[in-house]
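# Breakdown of the fold
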Amino acid sequence: MNKSILCISSSDYEGIRWGRTFPLARALAHNGLEVVLLVSEKRKSLKLWHKRYIDGVTIICYNAIIPYRIRKLPIGLFTLNFIMRALYALFHKCDLVYSDCGETPCSGWPCKINQFIYKSKYLSEYGDLLGKGGYYDSKSHMYRILFGRYFLWAISYFRQTSDYVLVLSEVMRNYVIEEMKIVPEKTILVPGGSLPDKISFKELPNSLNREVRLGYIGIDDEELKGILPILLCIKKIYPSDFKIFLFGKKVSDSIIEKYGLRDIIVEHGWVDVIKGQNKISEVDIFLLMRKDLLIGSMGWPNKLGDYLSYGRPVMIDPYGDLVSFVESHEEGFIRVNRNDEQDICEKLKSILNENYKLSAMGKYNRQIAENEISWDARVKVLINNISY
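Residues numbered from 1 in each chain as written. Predicted model: local features only at pLDDT ≥ 70, side-chain atom pairs only at ≥ 80, totals over all residues. Heavy atoms only, no water.

## Some words on empty space enclosed by the protein
Any space left empty among the atoms is revealed by the rolling of a water-sized probe across them. The tally for this structure, following the rule as stated, stands at two cavities of 30 Å³ or more. Approximately 40 Å³ is the volume attributed to the largest cavity. Contributing to the lining of the largest cavity are Arg17, Asp100, Cys101, Glu103, Glu125, Tyr126, Gly127, Asp128, Leu130 and Arg159. For the lining of the largest cavity, the residue count by class is three nonpolar, one polar and six charged. Taken as a whole, the second largest cavity spans an internal volume of roughly 30 Å³. (1 Å grid on protein atoms, 1.4 Å probe; cavity = no way out; pocket = protein on both sides within 12 Å on 5 of 7 lines; lining within 4 Å. Points joined across faces, edges and corners; volume = space filled by probe spheres on them. Nonpolar A, V, L, I, M, F, W, Y, C, P; charged D, E, K, R; others polar.)

Below you can see the structure in the form of structure tokens.
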């Protein structure tokens, strides 16, 4: 009989963490485990839950009567969504349980229930710098007064009492070992993966003979800050030679007007990386850089797996574990210093002069996606490091 794992996500079906949690669950199923994934979903229905079966994963969606911004708070313990998850964990024996965000009540506590009753192995992910010096500092003063103490306690508790801590980078591994006192043997490195079996490869032409289309997946006002130096250089020197395709949240009109970006960006809104391939594959080069290097270096951007799956070159200012990754796969990347306007302009000019063989670079990145960093390959490393 196959081993079973109960994956409990803190967020909604196709919501904020779906791009990592579901591919991870799917790859676990591909590697022979029986996988059940608990999530929430906004539905205009009186049904408290319904079930889906996708790519070998049984997905149980609980009706999200209470919005996520409330459920993720400690008072989420008193919601019907939490009670239903807790009851499932109470009455279903599993070999493994996994939480993507243990400090949120609907994810962490049901795992602890199953771990306590059935002695299941608990895998707790730590994907971001959550505490002081990280996301905690961005919380409002009122939040810190009402929930800050629980939040900081829960960050440590759900990792220290787990059997394994999943981290996305070596930087994060060192952090949980040194700051959270997690024994090294409990940490497992599982960076984001790629989906070459779901994303079709459309090869770039050898010569574009049109404006160059740069792209960014997962945009919002904060993410825009990372690529803003590129946009400003394009606006200043090459306004008619480049277009920037943005996928994600709408950028605030005030920011667009402040920097005069209206003529160089094309906002497509949120587009599913699998269902929206015709639109996303119009991009010639993807962008990957960010302003906040402290928080960024702790994780691994899921979008990189998407970029490589699409078989496109990536213009990047690497940080954290991406530095060594780019150094070992430099044929597919255009390295740029986002803080150096001259370097940015030179790289953009080289692109226009066709000094970069974009088609060959895209093929190379697609091979990386297929042969090295697929989610199935990532999860094999995870399974090999778990003792049942």
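Now that the structure has been shown, the text picks up again.
## Observations regarding the pairing of strand 9 (residues 212-219)
A regular strand places its side chains so that they alternate between the two faces of the sheet. For strand 9, the tally of buried residues reaches six of eight residues, placing the bulk of the element in the interior. Both strand 9 and strand 10 (residues 242-248) contribute to a ladder of seven bridges, which runs parallel. Directly across from Gly215, in strand 10, lies its bridge partner Phe245. As for the winding sense of the linkage, the β-α-β connection from strand 9 through helix 7 (residues 221-237) to strand 10 is right-handed. Alignment of strand 9 against strand 12 (residues 285-288), held across two bridges, turns out to be parallel. Paired with Leu214 across the two strands is Ile285, which belongs to strand 12. (Buried < 20%, exposed > 50% of the residue type's maximum accessible area, 1.4 Å probe, protein only. Helix = DSSP H or I, 4+ residues; strand = E, 2+ residues; numbered from the N terminus. Pairing = 2+ DSSP bridges. Right-handed = clockwise from strand over helix to strand, strands pointing away.)

## Some words on the nonpolar core
Across soluble globular proteins, nonpolar side chains have a tendency to be buried as a group. Core analysis: the biggest nonpolar cluster contains 90 residues, and Leu28 and Met315 have the highest contact counts within it. Residues in contact with Leu28, not counting those within four places in the same chain, are Ile5, Cys7, Leu33, Val35, Val379, Leu382 and Ile383. In terms of nonpolar packing, the next biggest core, distinct from the first, is built from 17 residues, Tyr126, Tyr143, Ile182 and Met298 among them. (Core = buried A, V, L, I, M, F, W, Y, C linked by side-chain atoms within 4.5 Å. Contact = heavy atoms within 4.5 Å.)

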